[in-house]
Amino acid sequence: MRVPLTVADFIDRAELVYGEREAVVDEADGPGSLGRITYADMAARARGMAAALDRMGVELGERVALVSPNSGRYLVSFFGVSGYGRVLVPINFRLNSTEVSYIVDHSGASVLLVDPELEESLAGVTAKEKIILDGIQDAELFAPAPPDAVPQRWEADEEATCSINYTSGTTARPKGVQITHRNAWLNASSFGWHTTVTDRDVLLHTLPMFHCNGWGMPYAVTGMGGRHVVLRKVDGEEILRRVESEGVTLMCGAPAVVAAILDAAKDRSEAGRPIPGKGTVRMVVAGAPPPSAVIERIHRELGWEFIQIYGLTETSPLLTVNRRRAEWDGLEPAEQARLLSRAGVPALGVRMDVDAEGEVLARSNHVFAGYWNQPEETDKAIVDGWFHTGDGGHLDGAYVVIADRKKDVIISGGENVSSIEVEDTLYQHPAVAEAAVIGVPDDKWGETVKALVVLQAGAEATEADIVAFCREHMAHYKCPTSIEFRDSLPRTATGKLQKFKLRAPYWEGRDRQVN
Ligand code: AMP
């Protein structure tokens, strides 16, 4: 028997088995908050959303874009949109209006859902139907379906696109990663298994839901009947408070989230206040290799379990996982941390390899279907059945170690920044003759964006002028935090910039060229 794997499976099971359980604890004072809802209610709202989209004439397969920080409505949309045959396009809420417009247009989204706090800044972004998620305009969209409401029937298809997640990469414009239902299903199940998600888990959404569908946890935790605690904004002390008040057991995030938690915990310790979650919280980290000293601090200062995963939006994202194994139980804490600082071993059903050039390759059912409307880019990424990650690394036995980046991408605070995109913006400044953008190490963000700039002959511009210009044109997290003026930039005989040479002085003395 072959039954199509779709993300509706996760909410269907939650409704059937755990209907009366509390499913979502939304931010109490978030705009349009759902408050506390059960799985029966969440499922009814997802059905209601599908029925409302039917009434709006949104066809199956049509794209529904969503720009919002984490919210209860976001969780409902994962199922109300994708679970009933439409395609969710989660958009990074830090992008500016031009950047969001590009994604809405490129994905061909006919419906655009916008958080009220972004209403003003995204006023210029248009779609056939634009709805502000204020609890009023979207009241019908998120109302629980009446018992007799049956949304349009979708012939479930696991190869259908579940979501299109735009990611900044090697091109000036972000590319739309098409994640199929099969990808999302297998990623969520495997991720849930490797992190042992059970019906007793309480997930705090410290990871933005737009980022690769919250890496798949919204599906995994729902399927197991765990509880979702929504967090709109990362704040270390607030995270600790939620661990205390909601009994949080699980969270995911980039190393910057860990840094915020450790800072808050330090303040608490100094004030003689307790640190919650000892022995009960699992912290899953990805986005950049966390230093082993940080891993040790998570164990020592919080008493939480550290788990590392590695992957990309293109791989749904789970590729490797590094979790303390039984053999390491007796080891010194520093040695355990060192072993955990590697990206990890292949998750079940994933094959990993490193090619002669040192590029990390992957093969798995989590690998995406292709870039939306960019088949030539897909062909560059998947060659001979292997997905090319653009990351440089090596194998340490079964363990993958990420040590370098082949692609021109900077990862700051867990979000990808395309150097080419930043360079494109710099070139629009009238005083800039040449620009090279590189990632340099940064204590808070892991990496931060640095621009090396050659000015036009006779032109004048200060560092502050150029940074301000970038901030006008791009999402702020992509903007250079420092500019260095140079007389010229070293190029190869064919005129190419050698980024690795430009980066080298800033990374000297480090064993890894990524952070
Ligand atoms: P994204 O598609 O935005 O999720 O970014 C994926 C990229 O993040 C990968 O290609 C890596 O460069 C980086 N990355 C993710 N997880 C890790 C990790 N555990 N260690 C090192 N780099 C990572």
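Worth saying up front: this structure is predicted, and the values here are computed from it rather than measured. (Residues numbered from 1 in each chain as written. Predicted model: local features only at pLDDT ≥ 70, side-chain atom pairs only at ≥ 80, totals over all residues. Heavy atoms only, no water.)

A. Geometry of the overall build of the chain. In terms of regular secondary structure, the chain is built from 14 helices and 26 strands. A globule of 515 residues ought to have a C-alpha radius of gyration of about 24 Å, and the chain, at 23 Å, matches this closely. For the chain, the spread of C-alpha atoms along the three principal axes comes to 70 × 60 × 50 Å. In the chain, which comprises 515 residues, the share counted as buried stands at 59%. In the chain, the proportion of contacts linking residues at least 24 apart, taken out of those at least 6 apart, comes to 69%. Per element, the accessible surface of the chain, about 21,000 Å² overall, is 50% carbon and sulfur. Separation between the mean location of the 53 positive side-chain charges and that of the 73 negative ones in the chain comes to 3 Å. (Helix = DSSP H or I, 4+ residues; strand = E, 2+ residues; numbered from the N terminus. Rg over C-alpha atoms; globule rule 2.2 N^0.38 Å. Buried < 20%, exposed > 50% of the residue type's maximum accessible area, 1.4 Å probe, protein only. Contact = heavy atoms within 4.5 Å. Areas by Shrake-Rupley, 256 points an atom, 1.4 Å probe, with all protein chains shown as cover. Lys, Arg positive; Asp, Glu negative; His and termini not counted. Charge placed at Lys NZ, Arg CZ, Asp CG, Glu CD.)

B. Inspection of the packing of helix H7 (residues 236-246) against helix H8 (residues 255-270) at higher detail. Contact pair H7 / H8: the axes reach a minimum separation of 7 Å and the direction vectors enclose 75 degrees. What the angle tells us is that H7 and H8 run roughly perpendicular. Together, Gly236, Glu237, Ile239, Leu240, Arg241 and Glu244 of H7 and Val257, Ala260, Ile261, Ala264, Ala265 and Arg268 of H8 make up the contact between the two elements. Per-class residue counts for the contact of H7 with H8 are seven nonpolar, one polar and four charged. (Axes fitted to C-alpha atoms, helices over the stretch in contact; angles between N-to-C directions. Parallel < 35°, antiparallel > 145°, perpendicular 65-115°, else oblique. Nonpolar A, V, L, I, M, F, W, Y, C, P; charged D, E, K, R; others polar.)

C. Just the environment of Thr378, in detail. The topology assignment puts Thr378 in helix H11 (residues 375-381). Distance in space between the C-alpha atoms of Thr378 and Lys175 is 10.0 Å, their sequence separation being 203 residues. If we skip the residues at most four places from it in the chain, Thr378 touches Ala369, Gly370 and Tyr371. Here Tyr371 takes part through its backbone nitrogen, which lies 2.9 Å from a polar atom of the side chain of Thr378. (Polar contact = N/O pair within 3.5 Å; in protein donor to acceptor, adjacent residues only side chain to side chain.)

D. Quick peek at the site of the ligand. Taken together, 18 residues form the shell around the ligand, and within it Gln308, Ile309, Thr313, Asp391 and Lys407 come nearest. A distance of 2.5 Å is found between an oxygen atom of the ligand and a side-chain nitrogen or oxygen belonging to Asp391. A distance of 2.6 Å is found between an oxygen atom of the ligand and a side-chain nitrogen or oxygen belonging to Lys407. Coverage of the ligand by the protein amounts to 96% of the 500 Å² it exposes when considered alone. The set of elements that each furnish at least two residues to the shell around the ligand consists of strand E13 (305-311) and strand E21 (399-405). Per-element accounting of the shell around the ligand gives the leading share, four residues, to E13. By residue class, the composition of the shell around the ligand is eight nonpolar, seven polar and three charged. (Near = heavy atom within 4 Å.)

E. Highlighting the sheet that holds strand E10 (residues 227-229). With respect to topology, nine strands assemble into an open sheet ordered E2-E1-E10-E9-E11-E12-E13-E14-E15, the strand pairing being mixed. Because the sheet does not close on itself, it has two edges, and the strands there are strand E2 (36-38) and strand E15 (345-346). The pairing of strand E1 (residues 22-25) with E2 spans three bridges and is classified as antiparallel. Considered in E2, the bridge of Val25 is made with Arg36. In the packing of helix H5 (residues 181-194) onto the sheet, the strands contacted are strand E11 (250-253), strand E12 (282-285), E13 and strand E14 (318-322), and the crossing angle to E14 comes to about 0 degrees. (Pairing = 2+ DSSP bridges.)

F. Representation of the domain arrangement of the chain within the structure. When cut into domains, the chain gives domain 1 (1-19 + 29-180), domain 2 (349-405) and domain 3 (409-507). Computed from C-alpha atoms alone, the centre-to-centre distance between domain 2 and domain 3 is 27 Å. (Domains from an automatic or database assignment.)

G. Inspection of the sheet that holds strand E26 (residues 482-485) at higher detail. Strand order in this open sheet of three strands is E24-E25-E26, and the pairing throughout is mixed. Edge positions in the sheet fall to strand E24 (432-442) and E26, since each has one partner strand and no second. Ignoring strand direction, the axes of neighbouring strands in this sheet form an average angle of 25 degrees. When strand E25 (residues 446-455) meets E26, the two strands line up parallel, connected through four bridges. In the strand pairing of E26, Ala451 is matched with Ile483. Helix H13 (residues 463-473) rests against E24, E25 and E26 of the sheet, and its axis sits at about 130 degrees to E26. This element, helix H14 (residues 499-507), spans E24, E25 and E26 of the sheet and lies at about 45 degrees to E24.

H. The arrangement of the pattern of salt bridges in detail. Following the criterion strictly, the structure yields 42 salt bridges and no others. Arg227 is the partner of Glu22 in a salt bridge, and the nearest nitrogen-oxygen pair spans 3.6 Å. Pair noted here: Glu22 is in strand E1 and Arg227 is in strand E10, with a separation of 205 residues, a long-range link. With relative accessibility at 28%, the residue Glu22 sits in the partly exposed group. Here Asp391 ties to Arg405 by a salt bridge, and the two come within 4.0 Å at their closest N and O atoms. Taken as a pair, Asp391 in strand E20 (residues 386-396) and Arg405 in strand E21 lie far apart in primary sequence, 14 residues in all. When its relative accessible area of 11% is taken as the criterion, Arg405 is described as buried. (Salt bridge = Lys/Arg side-chain N within 4 Å of Asp/Glu carboxyl O.)

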